[in-house]
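Now for the letters of each chain:
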Amino acid sequence: MLKITNVHKKYNDNEVLKGVDINVAKGDVVVILGPSGSGKTTLLRCINFLDHADQGEMEFDEYHLQMHSATADEVRKIRQKTAFVFQNYNLFQNKTVLENVTAGLIIGRNIEKNEAVDLALKALAKVGLSDRVNFYPSQLSGGQQQRVGIARAIAVQPDVILFDEPTSALDPELISEVLGIIKQLAEEGTTMIIVTHEMKFAADVATHVIFMADGNIVEEGRPKDIFQSPKEERTRNFLRRVLPQVEYNI
């Protein structure tokens, strides 16, 4: 469904991605783990062309393109197949919840307003915000704002949803409500790529786990293999820090 090959990205002299490959099949939940600065967010942003890779190929269903030279039309077509959930919500503060969700449908997808409203209301009901449609972001908790972001992603009915550390800006007591929504989407077969620091959630929801460090994929595999029997010392060291109680079968 989605294949990324040999992605490189440099900011000035800092090479953030050093030839990353990733394959995503329909229905996969690919979770990307790794320390800060490993290139996880940059990879997501390159997939959605929020940042342009310096090198790399993308195959996405019928599309095959060079990521560094993708045309505006190619970028538009890829973005119509994806949705991005930001760690800091990225909502319009001067728009209501309903308007935040319909904006991408009306402006980005050229959907008629009545149909956009219907899709938005269904998405907001799915994330438990039917009673907040006329609220503004400033009237919502962080967890509710992030659920609006997820509703916005669901509403456009993308082939893949990209989540960039969706709970990192939340207070601890609000994290579970957002993770619960994402887990529900996974159980429904939604294809997702998720960057997260929530290890238990990653182990529960992922079909495939990627561990990144220093701009490279160090190790990848099934959640059971990565969390219980990692092969690489770099992976083991990372997991010992974030899951100090884990004993490895190595």
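Described below are features of the structure shown in this document. Predicted model, so just to flag it, every value in this text is computed and none were measured.

## Looking at unusual backbone geometry
Even without being glycine, Phe49 reaches a positive phi, approximately 60°. Even without being a glycine, Glu165 presents a positive backbone phi close to 40°. Here Glu165 lies in the loop between strand S7 (160-164) and helix H6 (172-187).

## So, the layout of surface pockets
Quantified by volume, the largest pocket comes out at close to 620 Å³. What lines the largest pocket is a set of 20 residues, and nearest its centre among them are Asn48, Phe84, Phe86, Gly104 and Arg152. Elements represented by at least two residues in the lining of the largest pocket include exactly helix H2 (72-79), strand S6 (82-85), helix H3 (97-108) and helix H5 (142-155). At five residues, H3 tops the list of elements feeding residues into the lining of the largest pocket.

## What to know about the pairing of strand S4 (residues 55-60)
Of the two faces of S4, the one lined by Gly56, Met58 and Phe60 is fully buried and the one lined by Gln55, Glu57 and Glu59 carries no buried residue. As judged from the four bridges shared by S4 and strand S5 (residues 63-66), these two strands associate in the antiparallel manner. Residue Phe60 lies in a different strand from S5, and its bridge partner there is Tyr63. Linking S4 back to S5 in an antiparallel pair, the connection comprises two residues, with Asp61 at a positive phi of about 55°.

## Things to note about the packing of aromatic side chains
Taken as a whole and judged by the stated rule, the model has two aromatic pairs. Each ring, one from Phe84 and one from Phe86, has its centre 4.6 Å from the other, and the planes form 40°; the classification is tilted. Given a relative accessible area of 8%, Phe84 falls into the buried group. Judged by centre distance (5.0 Å) and plane angle (40°), the ring pair of Phe211 and Phe238 falls under tilted. Taken together, the residues span a long stretch of sequence, with Phe211 in strand S9 (residues 208-213) and Phe238 in helix H9 (residues 233-242) at a distance of 27 residues. By the burial criterion, Phe211 is buried, and Phe238 matches it. Positioned above the aromatic ring of Phe92 is the side chain of Lys95, whose terminal nitrogen or guanidinium carbon lies 5.8 Å from the ring centre. For Arg132, the ring lying beneath its charged end belongs to Phe135, and the centroid distance is 4.9 Å.

## Description of the environment of Gln228
For Gln228, the location among the structural elements is in helix H8 (residues 223-228). Residue class for Gln228 comes out partly exposed when judged on its relative accessible area of 38%. Distance in space between the C-alpha atoms of Gln228 and Val209 is 12 Å, their sequence separation being 19 residues.

## Digging into the environment of Gln184
Its location among the elements puts Gln184 in helix H6. Accessibility expressed as a relative area gives 29% for Gln184, which makes it partly exposed. Note: C-alpha distance between Gln184 and Val205 (21 residues apart in sequence) is 9.3 Å.

## Describing the packing of H3 against H5
With their axes 9 Å apart at the nearest point, H3 and H5 run at an angle of 30° to one another. Considering their axes alone, H3 and H5 lie roughly parallel with respect to each other. H3 and H5 meet at a crossing whose hand is right-handed. Contacts between H3 and H5 pair Val97, Asn100, Val101 and Leu105 from the former with Val148, Ala151, Arg152 and Ala155 from the latter. Among the residues making up the contact of H3 with H5, the classes are represented as six nonpolar, one polar and one charged.

What counts, and where the lines are drawn
Residues numbered from 1 in each chain as written. Predicted model: local features only at pLDDT ≥ 70, side-chain atom pairs only at ≥ 80, totals over all residues. Heavy atoms only, no water. Helix = DSSP H or I, 4+ residues; strand = E, 2+ residues; numbered from the N terminus. 1 Å grid on protein atoms, 1.4 Å probe; cavity = no way out; pocket = protein on both sides within 12 Å on 5 of 7 lines; lining within 4 Å. Points joined across faces, edges and corners; volume = space filled by probe spheres on them. Buried < 20%, exposed > 50% of the residue type's maximum accessible area, 1.4 Å probe, protein only. Pairing = 2+ DSSP bridges. Phe/Tyr/Trp six-rings, centres within 6.5 Å; stacked < 30°, edge-to-face > 60°. Lys NZ or Arg CZ within 6 Å of the ring centre and 35° of its normal. Axes fitted to C-alpha atoms, helices over the stretch in contact; angles between N-to-C directions. Parallel < 35°, antiparallel > 145°, perpendicular 65-115°, else oblique. Left-handed = near helix turned anticlockwise from the far one by under 90°. Contact = heavy atoms within 4.5 Å. Nonpolar A, V, L, I, M, F, W, Y, C, P; charged D, E, K, R; others polar.

Any functional reading would require information beyond the geometric quantities listed.
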